[in-house]
Amino acid sequence: MTCEQIKNLLEKQRKYYKSGATIPVKFRIEQLKKLYATVKKYETEVNDALKADLGKSHYEGFMCESGLVLSEISYMIRHTKKFAKRKTVHTPLAQFASHSFKQPVPYGNTLIMSPWNYPFLLTIDPLATAISAGNTAIVKPSAYSPATSKVIEKIIDECFSSEYVAVVTGGRAENTALLDQKFDFVFFTGSQMVGKEVLRHTAEHLTPAVLELGGKSPCIVDASANIKLAAKRIVFGKYLNCGQTCVAPDYILCERSVKDAFVEEVVRQIKKQYGDDPLENKDYGKIINEKHFNRLCGLIDKNKVVFGGDTNAEACKISPTVMDNVTEADAVMGEEIFGPIMPILTFDDFDAVVDGLKDKDKPLALYLFTSDKSHIKRVTTELSYGGGCINDVIIHLATSEMGFGGVGESGMGAYHGKTGFDTFSHYKSVVDKKTWIDLPMRYQPYKSKLYEKLLHIFLK
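Residues numbered from 1 in each chain as written. Predicted model: local features only at pLDDT ≥ 70, side-chain atom pairs only at ≥ 80, totals over all residues. Heavy atoms only, no water.

Colleague: When you look at the pattern of salt bridges in this model, what are you seeing that I'm missing?
Modeller: Pairing between side chains of opposite charge can happen when their charged atoms approach one another. Considering all chains together, one arrives at 22 salt bridges under this definition. A salt bridge links Lys-282 to Asp-283; the shortest N-O distance between them is 3.6 Å. The class for Lys-282 is exposed, based on a relative accessible area of 62%. Overall, Asp-283 belongs to the partly exposed group, its relative accessible area being 36%. In this structure, a network of salt bridges that share partners links the residues Asp-351, Asp-355, Lys-358, Arg-378 and Glu-382. (Salt bridge = Lys/Arg side-chain N within 4 Å of Asp/Glu carboxyl O. Buried < 20%, exposed > 50% of the residue type's maximum accessible area, 1.4 Å probe, protein only.)

Colleague: Quick question: what am I supposed to make of the state of the cysteines here?
Modeller: Note on terminology: disulfide describes a covalent bond linking the sulfur atoms of two cysteines. All told, the structure shown has 0 disulfides when counted by the stated rule. Between Cys-297, a cysteine without a disulfide, and Cys-316, which holds the nearest cysteine sulfur, the sulfur-to-sulfur distance is 8.9 Å. (Disulfide = S-S within 2.5 Å.)

Colleague: Honestly, the packing of aromatic side chains in this entry has me stumped. Any pointers?
Modeller: Note on aromatic pairs: each is described by the distance of the centres and the angle between the planes. Applying the stated criterion across every chain, the model contains 15 aromatic pairs. Residues Phe-96 and Trp-436 carry aromatic rings whose centres are separated by 5.9 Å and whose planes lie at 90 degrees to one another, so their mutual orientation is edge-to-face. Taken as a pair, Phe-96 in the loop between β1 (87-89) and β2 (98-106) and Trp-436 in the loop between β20 (425-433) and α15 (450-459) lie far apart in primary sequence, 340 residues in all. Given a relative accessible area of 40%, Phe-96 falls into the partly exposed group. Among the aromatic side chains, those forming a connected cluster through ring pairs are Tyr-107, Phe-185, Phe-187, Phe-404, Tyr-415 and Phe-424. (Phe/Tyr/Trp six-rings, centres within 6.5 Å; stacked < 30°, edge-to-face > 60°. Helix = DSSP H or I, 4+ residues; strand = E, 2+ residues; numbered from the N terminus.)

Colleague: Sorry if this is basic, but what is going on with the side chain of Lys-286 here?
Modeller: Structurally, the position occupied by Lys-286 is in the loop between α10 (256-274) and α11 (290-297). An unpaired buried charge is present at Lys-286: no salt bridge exists, and Asp-53, the closest side chain of opposite charge, is 6.7 Å distant. A polar contact is formed between the side chain of Lys-286 and the backbone oxygen of Asp-53, at a distance of 3.1 Å. Residue contacts for Lys-286: discarding those within four places in its chain leaves Ala-52, Asp-53, Leu-54, Gly-55, Cys-242, Gln-244, Ala-315, Cys-316 and Lys-317. (Lys, Arg positive; Asp, Glu negative; His and termini not counted. Polar contact = N/O pair within 3.5 Å; in protein donor to acceptor, adjacent residues only side chain to side chain. Contact = heavy atoms within 4.5 Å.)

Colleague: Sorry, what's going on with a negative patch on the surface here?
Modeller: Judged by side-chain charge, Asp-276, Asp-277, Glu-280 and Asp-310 come together as a negatively charged surface patch. Its place among the elements puts Asp-310 in the loop between β10 (305-307) and β11 (311-312). The class for Asp-310 is partly exposed, based on a relative accessible area of 46%. (Patch = residues over 30% accessible without salt bridge, like charges linked within 9 Å, V, L, I, M, F, W, Y side chains within 5 Å. Areas by Shrake-Rupley, 256 points an atom, 1.4 Å probe, with all protein chains shown as cover. Charge placed at Lys NZ, Arg CZ, Asp CG, Glu CD.)

Colleague: What is the right way to read the side chain of His-416 from this model?
Modeller: Relative to the helices and strands, His-416 resides in the loop between β19 (414-415) and α14 (417-423). Not counting residues up to four positions away in its chain, the partners in contact with His-416 are Glu-72, Asp-125, Leu-397, Thr-399, Ser-400, Met-402 and Phe-404.

Colleague: Sorry if this is basic, but what is going on with the packing of helix α3 (residues 43-54) against helix α4 (residues 58-83) here?
Modeller: Two numbers describe a pair of packed helices, the interaxial angle and the distance between the axes. Contact geometry for α3 and α4: axes closest at 9 Å, N-to-C directions at 125 degrees. In terms of orientation, α3 lies oblique with respect to α4. Crossing of α3 against α4: the hand is right-handed. Where α3 approaches α4, its residues Glu-43, Thr-44, Val-46, Asn-47, Asp-48 and Leu-50 are matched on the opposing element by His-58, Gly-61, Phe-62, Glu-65, Ser-66 and Leu-70. Partitioned by chemical class, the residues of the contact of α3 with α4 number 4 nonpolar, 5 polar and 3 charged. (Axes fitted to C-alpha atoms, helices over the stretch in contact; angles between N-to-C directions. Parallel < 35°, antiparallel > 145°, perpendicular 65-115°, else oblique. Left-handed = near helix turned anticlockwise from the far one by under 90°. Nonpolar A, V, L, I, M, F, W, Y, C, P; charged D, E, K, R; others polar.)

Colleague: When you look at the pairing of strand β4 (residues 136-140) in this model, what are you seeing that I'm missing?
Modeller: Across a regular strand the side chains alternate sides, sitting on one face of the sheet and then on the other. Among the 5 residues in β4, 5 count as buried, and that is most of the element. Here β4 shows two buried faces, one formed by Thr-136, Ile-138 and Lys-140 and the other by Ala-137 and Val-139. Relative to β4, strand β3 (residues 109-113) runs parallel, the two sharing 5 bridges. What sits directly across from Ile-112, in β4, is Val-139. In this view, the connection linking β3 to its parallel neighbour β4 by way of helix α5 (residues 121-132) has right-handed handedness. By the bridge criterion, 3 bridges tie β4 to strand β5 (residues 165-167) in an arrangement that is parallel. Looking across to β5, one finds that Val-139 is bridged to Val-167. For the crossover from β4 across helix α6 (residues 146-159) to β5, the handedness is right-handed. (Pairing = 2+ DSSP bridges. Right-handed = clockwise from strand over helix to strand, strands pointing away.)

Colleague: In this structure, what is going on with the pairing of strand β14 (residues 341-347)? I would like to understand it.
Modeller: Most of β14 is tucked away: 6 of the 7 residues are buried. Note that strand β9 (residues 251-255) and β14 share 4 bridges and pair parallel. Its bridge partner lying in β14, Cys-254 is registered against Thr-346. Relative to β14, strand β13 (residues 321-323) is paired through 3 bridges, and the arrangement is parallel. Across the sheet, residue Thr-321 finds its bridge partner in β14, namely Ile-341.

Shown next as structure tokens:
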């Protein structure tokens, strides 16, 4: 799509939003129901596309993408009416007589830019919340997952007119053309590098933006942890989607006294979950493209591989890999891995680990496996990170009842459920002042002491 076509598309959406068509709550719920039905209709095609782009099995495609999308849309259908109501707040006595309230209103014309690793989930989830909040939307899926982008375009074209919700496909040229336009709100999921570019563009228009980024998410395993269960759950989360998950445990910090037992159990779990030859496992995914495959191969130090490390360049596959005796100086610790490589670092002093993490970039997720309540308290209260789990991984994002998002270098803003509705809304503060009485003390000449007395009464 050319720059002129994108400009005309946005202008059509501006006119549509100004018409007030998206404001009625009944309309929003009807559109969500239509989206739910269409996703359900094309569920098999969605899962086929995920298989083509990322090698995901239909089971994983439903569990991690289409199923979660249907759950989120269903949640928004049930709750949009409640979310859209004005919220009465306390009115100070000095403002007698009046009614104060906060009214959620849509931002207006929104742009949603999604990544390739969970291309369906991370496109339709934010779209559902944008619709719930009463916005129009232009959706820009990743060029790296073309099969899924094609199905997304098919679903949206069947559901909505382009003046309401539209899809723009393409690569960097289209991304730049979109970001050069003045939207009312931008929602971006992707890398930190591209996130910085998005923020530079939105700053030019003073456009609010949410950035869902990533980073190196640590996973701490201390001596009090249930090692067998920890290994089982970490292997699931680390190698899900072939490691291409923004909240995957990036690296393991394991207490030295249990490290050997942990490594042994990790190897056992990989074999149990993926078989003796994961590269031949039809349910094990692939790396998205050759560029990322080569980058990941460059992070593997064969001298430190204790399991896995096998590759198939033609199929863009890397087997679940474990690296032991890793240090901060290793290449694998220099960037977000985003692949099926598990580096294991050891520690002796838990307090030193916590203090050390305070000096690092704030990660999107953090995981702690322990039965020590004092360790849980330190990690949950002292460390800054987007979200996480105690004695599990990844599952904190699979709920509409909690917001999901990053902090600092891992992003800004959050979504899912009510948090998502709030993200795509502006809350206007309104005072409805009554006309049957007009207290005189705020007007000149300032002779009355009544206002000061009322204020003192309120402050007590």
